[in-house]
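Notes for the structure review
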Amino acid sequence: MDRNELIKIVSEFDIQGHVAEVKPLGTGLINDTYKVTTQENDCADYVLQRINHAIFQNVDMLQSNILAVTGHIRKKLEEKHESDIDRKVLHFIPCKSGKTYYFDGQNYWRIMVFIPNAKTYETVNPEYSYYAGRAFGNFEAMLADIPEQLGETIPNFHNMEFRLQQLHEAVEANAAKRVDSVRFYLDELESRSQEMCKAERLYREGKLPKRVCHCDTKVNNMMFDEEGKVLCVIDLDTVMPNFIFSDYGDFMRSAANTGEEDDKDLDKVSFNMEIFKAFTKGYLETADFLIPLEIENLPYAAALFPYMQTVRFLSDYINGDTYYKIKYPEHNLVRTKAQFKLLQSVEENTPAMLDFIESCRKK
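Residues numbered from 1 in each chain as written. Predicted model: local features only at pLDDT ≥ 70, side-chain atom pairs only at ≥ 80, totals over all residues. Heavy atoms only, no water.

1. Here we look at unusual backbone geometry
Most of the time, phi is negative for any residue but glycine, and the peptide bond is trans. Phi is positive for N117, which is not a glycine, with a value near 55°. As for its placement among the helices and strands, N117 is situated in the loop between β6 (108–113) and α3 (126–142). One non-glycine residue, D235, adopts positive backbone phi at about 55°. With respect to the helices and strands, the residue D235 is situated in the loop between β9 (230–233) and β10 (240–242). Here D235 falls in the partly exposed class, since its relative accessible area comes to 40%. (Helix = DSSP H or I, 4+ residues; strand = E, 2+ residues; numbered from the N terminus. Buried < 20%, exposed > 50% of the residue type's maximum accessible area, 1.4 Å probe, protein only.)

2. Side note on the layout of surface pockets
There is about 560 Å³ of room inside the second largest pocket. Elements with a minimum of two residues in the lining of the second largest pocket: α2 (59–79), α3, β9 and α9 (273–286). Sorting elements by how many residues they give to the lining of the second largest pocket places α3 first, with 7 residues. Split into classes, the residues belonging to the lining of the second largest pocket amount to 14 nonpolar, 4 polar and 7 charged. (1 Å grid on protein atoms, 1.4 Å probe; cavity = no way out; pocket = protein on both sides within 12 Å on 5 of 7 lines; lining within 4 Å. Points joined across faces, edges and corners; volume = space filled by probe spheres on them. Nonpolar A, V, L, I, M, F, W, Y, C, P; charged D, E, K, R; others polar.)

3. Re the pairing of β6
For strand β3 (residues 46–51) and β6, the ladder comprises 6 bridges, and the chain directions are antiparallel. Counted as the bridge partner of R50 is W109 from β6. Examined bridge by bridge, strand β4 (residues 92–93) and β6 share 2 bridges and lie antiparallel to one another. Bridging across to β6, I93 finds its partner in I111. Relative to β6, strand β5 (residues 102–103) runs antiparallel, the two being bridged by 2 bridges. (Pairing = 2+ DSSP bridges.)

Remember, this is a structural readout, not a statement about activity or role.
Okay, here's the thing in structure tokens:
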């Protein structure tokens, strides 16, 4: 979109000051994001986003979730008499209709206050994994008593039973006639299916709670101040009720993989125990609301997500590559093999993971 169109959209919101420029911001894959700079030195700058409503189809629910979460976090920070609160929680600006989003007839837009003197990092190492563990554990802890009932912005996003059902349907249809070539992986996944679906079973039995989770736990979803301290967790579109395994396991799957998600060289793929230890230490230091069942099953969470992604990549391969973008015909099969290798490495390290978790609990 050109500058004038973007400025017209900005004018629908109750921002302070006059727009000096609107420029693309960041490299996000989901929403289009722009920085709105104001002319006045005493006025804030802003972040304008076009919401991807192909993914987040219920924008009203999406924004209601985010407002409930940011409002509750702000309240907690105020109760603790925290300083610099406006940099520690996102603040969305209403449009002239009173909503926190604007529909231009084709697209949905929102504006939040730009957090000054803050940055994100892409670095995945033990130091930043520890920060991530503390940040996401603290994020969940602050929302453990949120009174609002949040909706699922992406239904069944991390539901393992649902993902296995999709795999079974893909096998039955066998659209690309690939089932016979992947029998080994189908058998391996099926042999683990009961164990991998235990979160849903424990929930139905009333033993495992759902929490308010971030559901996209990456190092670059945290903002740091000038001194390298975490200010806040960002990218709240996927915040919704889920098992804490989602936040824990999703981070492990991406951050603790020594190889690439689609590594052809399986010898490079393994589970990095140093990343696991750093994130787990930070997480357990702040997530003080966890019940023993959740803590005991953290290694299960670390296995669950490479398992789930193996299922999803294999389903897409069997279907003829209809969901994930591929760079070559066997790409989804390569992804399947790499994720399964990561799963096997997690399983090999499970005894050591349990020992480390127990040592953290004793401290």
